[in-house]
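# Coordinate inspection notes
The primary structure of each chain is shown beneath.
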Amino acid sequence: MTKTKTTAGQAALPLNQILPGDCIEIMNSLPEASVDLIFADPPYNLQLRGDLHRPDNSKVDAVDDAWDQFSSFSAYDQFTRDWLAAARRLLKPNGAIWVIGSYHNVFRLGAELQNQGYWILNDVVWRKSNPMPNFRGKRLTNAHETLIWASKGEGAKYTFNYEALKALNEGVQMRSDWVIPICTGNERLKDDQGDKAHPTQKPEALLHRIILGTTNPGDVVLDPFFGTGTTGAVAKMLGREYIGIEREEAYRLAAQKRLEKIRKFDREALEITGSKRAEPRVPFGQLVERGMLRPGEELFSIGNRFKAKVRADGTLVGNDVKGSIHQVGAHLEGAPSCNGWTYWHFKREGKLVPIDLLRQQIRAEMEGRPN
């Protein structure tokens, strides 16, 4: 649903829309101090030189699109200065920005953020549990990307749902190194030829953590490099408003098709843990005891890459491993830890639903809240 939002003396804010065109021009045309959060996945300026091939001589589908190519570092730096200035103008006084990049560009992004008066709150290492190998064998495998989270200025207020992220991490304080697989399986959008709709589509799990942790329901999230719409999809599910800006028509069409299929979570599911109230613990086995999940029922991982079977005692069995929802997920991903509540999904009417929704239903009953 498309909405507009007007503040005193300002033009309407185009909510839940994908705006076509140049991100700098469009951001400069939007009302000042009108956005709560910006998530930006700008061109990385990868500086690729020639084709990249695997050991079997097959060509790697690398990022060689025109939008990622700049004539020089100075041209890229000017572009960065312009869009970060436009972004800062848009942020509310208590707004914040997330930018993501690789070793090719993230240091230049960080320096310019500080040059413009942003205040860096954290850098986060997104460690990919399934990175693309280094086929030439001349460097280390690039197994991570870096995110920078910054407020509008030193001393500025910003949203941080500390307890919610702690709950998402099974009661343990959220760290600045996040182990999340790259976008694969059913989550990876394909074009009509069966090829990737976008070469650098980000996983929804990454945006879920960012939007849940640093915005509130009803907040406006803007993505100036919208691509195929991961930011918008997660914002819509989590009850936030979004604004996307995207120059490439093919990406806009893919994003629009994707967003039309997204359904917002219900109000109760959108409630998050607050600092003054600890939500009651719900063992996974309770879902089995109550028949919400049945012994023998299959659960599916994020991206539908792995599956495991529910056992009568509330454990899972998948491939060659048995254990809790967290242990089995971590083993399959080759990760040191895994939040099984957000990792595992069950199927209903052909759709994947996170098991955490079942946990929230039980919690609502325990607290006397309506479902």
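Here the structure is a predicted model, which is why all the values come from computation and not from measurement. (Residues numbered from 1 in each chain as written. Predicted model: local features only at pLDDT ≥ 70, side-chain atom pairs only at ≥ 80, totals over all residues. Heavy atoms only, no water.)

Next up on the list: the pairing of strand β9 (residues 220–223). Side chains V220 and L222 project from β9 onto one buried face, and the interleaved V221 and D223 project onto a second face that is buried too. Where strand β4 (residues 35–40) meets β9, two bridges bridge the pair, whose relative direction is parallel. Pairing of L37 across the sheet is with V221, part of β9. As for the winding sense of the linkage, the β-α-β connection from β9 through helix α6 (residues 230–237) to strand β10 (residues 241–246) is right-handed. (Buried < 20%, exposed > 50% of the residue type's maximum accessible area, 1.4 Å probe, protein only. Helix = DSSP H or I, 4+ residues; strand = E, 2+ residues; numbered from the N terminus. Pairing = 2+ DSSP bridges. Right-handed = clockwise from strand over helix to strand, strands pointing away.)

Another aspect to go through is the side chain of R240. Along the chain, the position of R240 falls in the loop between α6 and β10. For R240, the side chain forms a polar contact with the main-chain oxygen of L238, separated by 2.6 Å. Not counting the four nearest positions on each side in its chain, R240 is found in contact with N16, I211, L212, T215, N216, P217, G218, D219, V221 and A235. (Polar contact = N/O pair within 3.5 Å; in protein donor to acceptor, adjacent residues only side chain to side chain. Contact = heavy atoms within 4.5 Å.)

So, about the nonpolar core. Ranked by internal contacts, the top residues of the largest apolar core, which has 33 residues, are F39, W98, I100, L147, W178, L206 and I210. Setting aside chain neighbours within four positions, we find L147 in contact with F39, W98, V99, I100, N122, D123, V124, W126, L206 and I210. One finds V35, L84, L109 and L222 within the second-largest nonpolar core, a separate group that totals 32 residues. (Core = buried A, V, L, I, M, F, W, Y, C linked by side-chain atoms within 4.5 Å.)

What follows concerns unusual backbone geometry. At E170, a residue that is not glycine, the phi angle is positive and equals roughly 60 degrees. If you trace the backbone, E170 turns up in the loop between α4 (162–168) and β8 (177–179).

For the rest of this paragraph, the subject is the packing of aromatic side chains. According to the stated counting rule, one finds 11 aromatic pairs in the structure shown. A ring pair is formed by W83 and F225, whose centres lie 5.2 Å apart and whose planes are at 85 degrees; its orientation type is edge-to-face. Of the two residues, W83 sits in helix α2 (residues 73–90) while F225 sits in the loop between β9 and α6, which places them 142 residues apart along the sequence. The same class applies to W83 and to F225, which are both buried. A centroid spacing of 5.4 Å and a plane angle of 5 degrees characterise the contact between W98 and W149, whose relative ring orientation is stacked. Residue W98 is located in strand β5 (residues 91–101), and its partner W149 is located in strand β7 (residues 144–151); the two are separated by 51 residues in the primary sequence. We note that W98, like W149, is buried. Through successive ring pairs, a cluster of aromatic residues spans W98, W149, Y158, F160, Y162 and W178. (Phe/Tyr/Trp six-rings, centres within 6.5 Å; stacked < 30°, edge-to-face > 60°.)

Glancing now at the sheet that holds β10. With mixed pairing, eight strands are arranged side by side in an open sheet as β3-β10-β9-β4-β5-β7-β6-β8. The outermost strands of the open sheet, each flanked by one partner alone, are β3 (17–20) and β8. Taking the axes of each pair of neighbouring strands and ignoring which way they run, one obtains an average angle of 20 degrees across the sheet. Across four bridges, β9 lies against β10 in parallel orientation. Pairing of V220 across the sheet is with E241, part of β10. Strand contacts of helix α5 (residues 204–214): β4, β5, β6 (119–127), β7 and β8, with the helix running at about 155 degrees to β4, the strand carrying the most contacts. (Axes fitted to C-alpha atoms, helices over the stretch in contact; angles between N-to-C directions.)

A few words on helix α3 (residues 106–115). Regarding α3, the residues found buried are V106, L109, G110, E112 and L113. All buried residues of α3 fall inside an arc of 170 degrees around its axis, so they share one side. When the buried face of α3 is taken as reference, the exposed residues oriented beyond 90 degrees from it are F107, Q114 and N115. Taken together, the buried residues of α3 touch α2, β5, β6 and β7. Remark: G117 follows α3 within two positions and exhibits a positive phi of approximately 100 degrees. (Arc of directions from axis to C-beta.)

All right, on to the packing of α5 against α6 then. The angle between the axes and the distance between the axes are what describe a pair of packed helices. Axis separation between α5 and α6 bottoms out at 9 Å; the angle between their running directions is 55 degrees. Classified by the angle their axes make, α5 and α6 are oblique. For the crossing formed where α5 meets α6, the hand is right-handed. Facing α5, whose interface residues are E204, L207, H208 and I211, α6 presents T230, T231, A233, V234, A235 and M237. Considered class by class, the residues forming the contact of α5 with α6 number six nonpolar, three polar and one charged. (Parallel < 35°, antiparallel > 145°, perpendicular 65-115°, else oblique. Left-handed = near helix turned anticlockwise from the far one by under 90°. Nonpolar A, V, L, I, M, F, W, Y, C, P; charged D, E, K, R; others polar.)

In this structure, D313 sits in the loop between β12 (307–310) and β13 (316–318). The class of D313 is exposed, set by a relative accessible area of 54%. Taking C-alpha positions, D313 is 6.3 Å from G285, a pair spaced 28 residues apart along the chain. There is a polar contact of 2.6 Å between the side chain of D313 and the side chain of T315.

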